[in-house]
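This is what each chain is made of:
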Protein chains: 2
Amino acid sequence: MNDVFEIGLLMDFYGQLLTEKQMEILDLHYNNDYSLGEIAEELGVSRQAIHDNIKRGKAILYEFEQKLGLLQKFTEQKRKAVEILELLKGINIDKLDNSGKESIGKIQEGVEFIINRI
Amino acid sequence: MNDVFEIGLLMDFYGQLLTEKQMEILDLHYNNDYSLGEIAEELGVSRQAIHDNIKRGKAILYEFEQKLGLLQKFTEQKRKAVEILELLKGINIDKLDNSGKESIGKIQEGVEFIINRI
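All of these numbers come straight from a predicted model, not from anything done at the bench.

Rules used in this analysis
- Residues numbered from 1 in each chain as written.
- Chains lettered and ligands numbered in written order.
- Predicted model: local features only at pLDDT ≥ 70, side-chain atom pairs only at ≥ 80, totals over all residues.
- Heavy atoms only, no water.
- Salt bridge = Lys/Arg side-chain N within 4 Å of Asp/Glu carboxyl O.
- Helix = DSSP H or I, 4+ residues; strand = E, 2+ residues; numbered from the N terminus.
- Buried < 20%, exposed > 50% of the residue type's maximum accessible area, 1.4 Å probe, protein only.
- Contact = heavy atoms within 4.5 Å.
- Polar contact = N/O pair within 3.5 Å; in protein donor to acceptor, adjacent residues only side chain to side chain.
- Nonpolar A, V, L, I, M, F, W, Y, C, P; charged D, E, K, R; others polar.
- Patch = residues over 30% accessible without salt bridge, like charges linked within 9 Å, V, L, I, M, F, W, Y side chains within 5 Å.
- Areas by Shrake-Rupley, 256 points an atom, 1.4 Å probe, with all protein chains shown as cover.
- Lys, Arg positive; Asp, Glu negative; His and termini not counted.
- Charge placed at Lys NZ, Arg CZ, Asp CG, Glu CD.
- Phe/Tyr/Trp six-rings, centres within 6.5 Å; stacked < 30°, edge-to-face > 60°.
- Least-squares fit on C-alpha atoms with pLDDT ≥ 70 in both.
- pLDDT = per-residue confidence, 0-100.
- Axes fitted to C-alpha atoms, helices over the stretch in contact; angles between N-to-C directions.
- Parallel < 35°, antiparallel > 145°, perpendicular 65-115°, else oblique.

**What to know about the pattern of salt bridges**
All names here are of chain B.
- Scanning all chains against the criterion turns up eight salt bridges over all chains.
- One salt bridge connects K106 with E102, and the closest N-O pair in it is separated by 3.6 Å. With K106 and E102 both in helix α6 (residues 98–117), this residue pair falls four residues apart, about one helical turn.
- In this structure K106 comes out as partly exposed when scored by relative accessible area, which is 43%.

Structure representation (structure tokens):
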């Protein structure tokens with residue numbers, strides 16, 4: 001997982017634990033690809049202040065992941081759910097009765113629900 | 001969800017954010033059904049101290065759930081995964097080819113993995 005992608009996910013999980021300012025800065029940098037200089041200009045503060053906020057915000061995100069490990073847990077589940085979806089799509093359901101076909105459809109929707117909630 | 005059960009689950013998610021002492025006391029009370037008096041005797045501290053630790057510990061757990069909502073998210077996923085498992089078990093797979101039968105078995109294992117990781 002690359003750093004930018006991972007921090008984006010960590011923000012989904014733990015972003016509410018950051019200050020509003022940290023959240024804004026990390027969001028601009030990691031989700032919207034702003035450079036530190038661009039954020040500094042946008043917010044009218046020094047580049048160093050942006051750097052410090054990013055450093056502190058990242059440290060908080062990684063600290064909580066280290067303690068709670070929820071991103072890792074969710075990532076494993078998502079991987080498994082995607083595998084299940086592939087298996088479902090590979091089943092030749094022609095010979096199933098209607099109730100069976102309907103169940104396969106509902107299972108697929110259910111797995112998609114799980115993936116999208118992760 | 002009753003209070004005791006809910007706090008047990010919140011401890012699974014956020015327990016690492018409690019102090020060691022809070023965790024020990026909440027674990028004795030909520031997971032092992034010790035009364036406040038029994039914990040006080042066990043740890044050699046006042047009943048009031050136990051009460052305060054439980055109150056503070058619970059407040060931390062609910063504060064993080066209020067901010068992060070992970071228990072709610074996981075609970076919805078688990079409910080959906082259990083539904084999927086029921087649907088799977090209801091499918092008459094006799095008419096599926098061997099590869100289809102094998103896939104249904106693997107899907108069932110995958111869903112059980114997701115449920116157990118939640």
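So, next bit.
**A short note on the environment of A40(B)**
Residues and elements named next belong to chain B.
- Residue position: A40 is located in helix α3 (residues 36–43).
- Judged by its relative accessible area of 8%, A40 falls in the buried class.
- Between the alpha carbons of A40 and E112 there is a distance of 40 Å; along the sequence they are 72 residues apart.

**A short note on the interface of chain B and chain A**
- In this assembly, 33 residues from chain B lie in contact with 33 residues from chain A.
- Joining chain B to chain A, the criterion identifies zero salt bridges.
- Counting across the chain B and chain A interface gives two residue pairs in polar contact (both at pLDDT 80 or more).
- For the side of chain B that touches chain A, the elements supplying multiple residues, two or more each, are α1 (3–14), α4 (47–68), α5 (70–90) and α6 of chain B.
- Counted by class, the side of chain B that touches chain A contains 19 nonpolar, six polar and eight charged residues.

**Overview of a negative patch on the surface**
Residue and element names in this part refer to chain A.
- On the surface, E20, E24, D33, E38, E41 and E42 cluster together into a patch of negative charge.
- Broken down by secondary-structure element, the contributors of at least two residues to the negative patch are α2 (20–31) and α3 (36–43).
- Looking at which element gives the most residues to the negative patch, the answer is α3, with three residues.
- As for its placement among the helices and strands, E20 is situated in helix α2.

**Comments concerning the packing of aromatic side chains**
- A complete count under the given rule lists eight aromatic pairs over all chains for this structure.
- Ring geometry for F64(A) and F64(B): centres 5.9 Å apart, planes at 45°, overall tilted. Taken together, the positions of F64(A) in helix α4 (residues 47–68) and F64(B) in helix α4 put the pair across two chains. Take F64(A) and F64(B): they sit in the same class, and that class is buried.
- Ring centres 6.1 Å apart and planes at 45° place the aromatic pair F13(B) and Y14(B) in the tilted group.

**Points about the relation of the copies chain B and chain A**
- Least-squares fitting of chain B to chain A yields an RMSD of 0.0 Å, with the transformation described by 0.0 Å of translation along the axis and a rotation of 180°. Here the transformation between the copies is reduced to the relation of a two-fold axis. Considering only C-alpha atoms, the part of chain B nearest the rotation axis is K95(B), at 2.9 Å.
- Most of the interface of chain B is mirrored in chain A: 100% of its interface residues are interface residues there too.

**A look at the confidence of the model for chain A**
- A residue-level look at chain A finds 97% of positions with pLDDT of 70 or above and a mean pLDDT of 92.
- We note a pTM of 0.81 for the whole complex and an ipTM of 0.77 for its interfaces.

**Some words on the packing of helix α1 (residues 3–14) of chain A against α4(A)**
All names here are of chain A.
- It is at 10 Å that the axes of α1 and α4 come closest, and there the two elements cross at 70°. With respect to α4, the element α1 is oriented roughly perpendicular. Contacts from D3, E6, I7, L10, M11 and Y14 of α1 reach α4 at K58, L61, Y62, F64, E65 and L68.
- Partitioned by chemical class, the residues of the contact of α1 with α4 number eight nonpolar, no polar and four charged.

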